[in-house]
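# Structural overview for review
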Amino acid sequence: MSSSQKEFRKNDFSQGSVIQNILKLALPMTLAQLINVLYNIVDRIYIGRIPDHATMALTGLGLCLPIISMVIAFANLFGMGGAPLCSIYRGKGNEEEAEAIMGNSFVLMLLWGLILTVLGLLLKRPMLYLFGASDATLPYADSYITIYLLGSVFVMVGLGMNSFINSQGFGKIGMLTVLLGAVSNLILDPIFIFVLGLGVQGAAWATIISQGLSALWIVRFLTGNQTILKLKPQAFRLKKQRVLDIVGLGLSGFTMSITNSLVQIMYNASLARYGGDLYVGVMTVVNSIREVVSLPVNGLTNSAQPVMGFNYGAGKYKRVKNSIVFMSVVSIAYTTLAWSLVHGFPEFFIRIFSRETDLVTAGIPAMQIYYFGFFMMSLQFAGQSVFVALGKSKNAVFFSIFRKVIIVIPLIVVLPGAFGLGTNGIFMAEPISNFIGGLACFGTMLCTVWPELIRKDE
């Protein structure tokens, strides 16, 4: 028996306990995502401690988040689009097509990484002003994003191709991938920011160098002998239908990231109007905390996708149902706990990023409003995960757009002015959308996917 066949049996998600299969991926994937978030979180922690103009520098970095989200969106388009397809075809036993999907996704990431670099550098200044930059914060934002965009290809490969490592069941390797980059970033940040005195530019250089190391590690692993599916030159030739399938399934993750970017733009622009640069800084801290507290539920729902997709492709529909139940229950329980901690101790979380009195004072009520009923967000995560795992891209895309574009953005525009709520109204948009969007997404999944699984399992 070849090493590839042995590894296939080892990572055969149609065998053994469904819960163990999910947790086997969830633990290293969650740690990997936590480490990955450290790329930007560590930047913000260090920048928030720059001796002069810390709040302005932190606010400038926050203005870059929509552009960073756009780069991540394209990594998700090809990574989260191709990886579930690989799981489905691997479940069917068609490894040749699975490798072709991975190869096409890799080429698409390289091409779009270069395109985004050029477009970003050309349009960065007007975009930053559109996103709420002032003359005081623009220099910080421009300094950071210019360097970050030069590493777009590394970000695309580092984030997107790691999905193909995880989808094959190599959760520990996926974790080591981002651990390599995050540890590098943790070491390089203080050197570039403080020792070399580069400030926000130093944070950007540390980030892209670290992402470059992660990207090289991924390519080396996927072209080596340990992997099940290999990254081969003969799989690089783009095929129209295959690309359409990848993009079609990846539209959910892409839409979520793009709509996140749009929402960040609206939040920053509205907060700059009603509260000034201080509240844009508050939003940067709120977003940073959310990235961390959302990690476990993101890790769980993402790790459940290969298990659900594999079993769906293998015709093991009862195991798919068991995966959905386990994922949903744990997600709701965790987000309820997270809500209680953030609501009860907001100042503790804020002071991780900034100790400036004005920002802390403004941030405490903003945190409590923004995170109200956070447990409802888990329903959105769980519903989206099921739709993506089973290849139902249209449903996944619709609910990505529904919550952010149809609910959040109009509320950000209407609430602060029409009801005289000011900045409080802007922060209220998020919990309202969590309740409406979460119920709609999860309820639709139960009414459509669940009956289908029951019918096929009979």
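Quick look at the overall build of the protein now. For the protein, the helix and strand inventory stands at 18 helices and zero strands. A compact globule built from 458 residues would reach a C-alpha radius of gyration of about 23 Å, and the protein, at 21 Å, matches this within 12%. The proportion of buried residues among the 458 residues of the protein is 59%. Entry remark: accessible area of the protein is about 17700 Å², with carbon and sulfur atoms responsible for 66%.

Opposite charge on two side chains makes pairing possible when the charged atoms of those side chains draw close. Enumeration according to the criterion identifies nine salt bridges in this entry. Arg44 serves as the salt-bridge partner of Glu291, at 3.1 Å between the closest nitrogen and oxygen. Of this pair, Glu291 sits in helix α11 (residues 277-293) while Arg44 sits in helix α2 (residues 18-47), and the two are 247 residues apart along the sequence. Residue Glu291 is classed as partly exposed on the basis of its relative accessible area of 25%.

Looking at the protein, the pLDDT average stands at 87 and 95% of residues meet or exceed 70. Looking across the protein, the model is least confident in helix α1 (residues 3-10), with a mean pLDDT of 46, and most confident in helix α5 (residues 138-150), with 94. Overall, residues 1-9 carries pLDDT values under 50, and its contacts beyond four positions in sequence, including any with other chains, amount to twelve contacts.

Okay, the environment of Ile350 next. Secondary-structure assignment places Ile350 in helix α14 (residues 346-350). If sequence neighbours within four positions are ignored, Ile350 has contacts with Val285, Ile289, Leu359, Val360, Gly363, Ile364 and Met367.

Considering the arrangement of structural elements, one finds Pro51 in the loop between α2 and α3 (54-91). Remark: the alpha-carbon pair of Pro51 and Leu390, spanning 339 residues in sequence, is separated by 50 Å.

Nonpolar side chains in soluble globular proteins generally cluster together in the buried interior. The biggest cluster of nonpolar side chains holds 134 residues, and the ones touching the most others in it are Met161, Tyr267, Ile289 and Tyr371. For this core, the element with the highest residue contribution is α3, accounting for 17 residues.

What follows is about the state of the cysteines. Evaluation of the coordinates by the stated rule reveals zero disulfides. Here Cys447 stays unpaired: no disulfide links it, and the sulfur of Cys441, its closest cysteine neighbor, is 12 Å away.

The next subject is the packing of α11 against helix α18 (residues 423-457). Where α11 contacts α18, the two axes come as close as 12 Å, and the packing angle between them is 20 degrees. Considering their axes alone, α11 and α18 lie roughly parallel with respect to each other. Like other packed secondary-structure pairs, α11 and α18 cross with a definite hand, here right-handed. Contact residues: α11 offers Tyr279, Val282, Met283 and Arg290, while α18 offers Thr423, Phe427 and Glu430. Its residues assigned to classes, the contact of α11 with α18 shows four nonpolar, one polar and two charged.

This part covers the packing of aromatic side chains. A full pass over the atoms with the stated rule returns 19 aromatic pairs. The interplanar angle of 70 degrees and the centroid separation of 6.0 Å between the aromatic rings of Tyr46 and Phe194 together place this pair among those described as edge-to-face. Of this pair, Tyr46 sits in helix α2 while Phe194 sits in helix α8 (residues 171-195); the two residues are 148 residues apart in sequence, bridging distant segments of the chain. Judged by relative accessible area, which is 36%, Phe194 ranks as partly exposed. Measuring from centroid to centroid gives 5.5 Å for Trp339 and Phe372, while their planes differ by 85 degrees, and the two rings are edge-to-face. Of this pair, Trp339 sits in helix α13 (residues 317-344) while Phe372 sits in the loop between α15 (357-370) and α16 (377-389), and the two are 33 residues apart along the sequence. The structure contains a cluster of three or more aromatic residues connected by ring pairs, namely Tyr267, Tyr370, Tyr371 and Phe374. Against the face of Tyr89 rests Lys92, its NZ or CZ located 5.3 Å from the ring centre.

The rules behind the values
Residues numbered from 1 in each chain as written. Predicted model: local features only at pLDDT ≥ 70, side-chain atom pairs only at ≥ 80, totals over all residues. Heavy atoms only, no water. Helix = DSSP H or I, 4+ residues; strand = E, 2+ residues; numbered from the N terminus. Rg over C-alpha atoms; globule rule 2.2 N^0.38 Å. Buried < 20%, exposed > 50% of the residue type's maximum accessible area, 1.4 Å probe, protein only. Areas by Shrake-Rupley, 256 points an atom, 1.4 Å probe, with all protein chains shown as cover. Salt bridge = Lys/Arg side-chain N within 4 Å of Asp/Glu carboxyl O. pLDDT = per-residue confidence, 0-100. Contact = heavy atoms within 4.5 Å. Core = buried A, V, L, I, M, F, W, Y, C linked by side-chain atoms within 4.5 Å. Disulfide = S-S within 2.5 Å. Axes fitted to C-alpha atoms, helices over the stretch in contact; angles between N-to-C directions. Parallel < 35°, antiparallel > 145°, perpendicular 65-115°, else oblique. Left-handed = near helix turned anticlockwise from the far one by under 90°. Nonpolar A, V, L, I, M, F, W, Y, C, P; charged D, E, K, R; others polar. Phe/Tyr/Trp six-rings, centres within 6.5 Å; stacked < 30°, edge-to-face > 60°. Lys NZ or Arg CZ within 6 Å of the ring centre and 35° of its normal.

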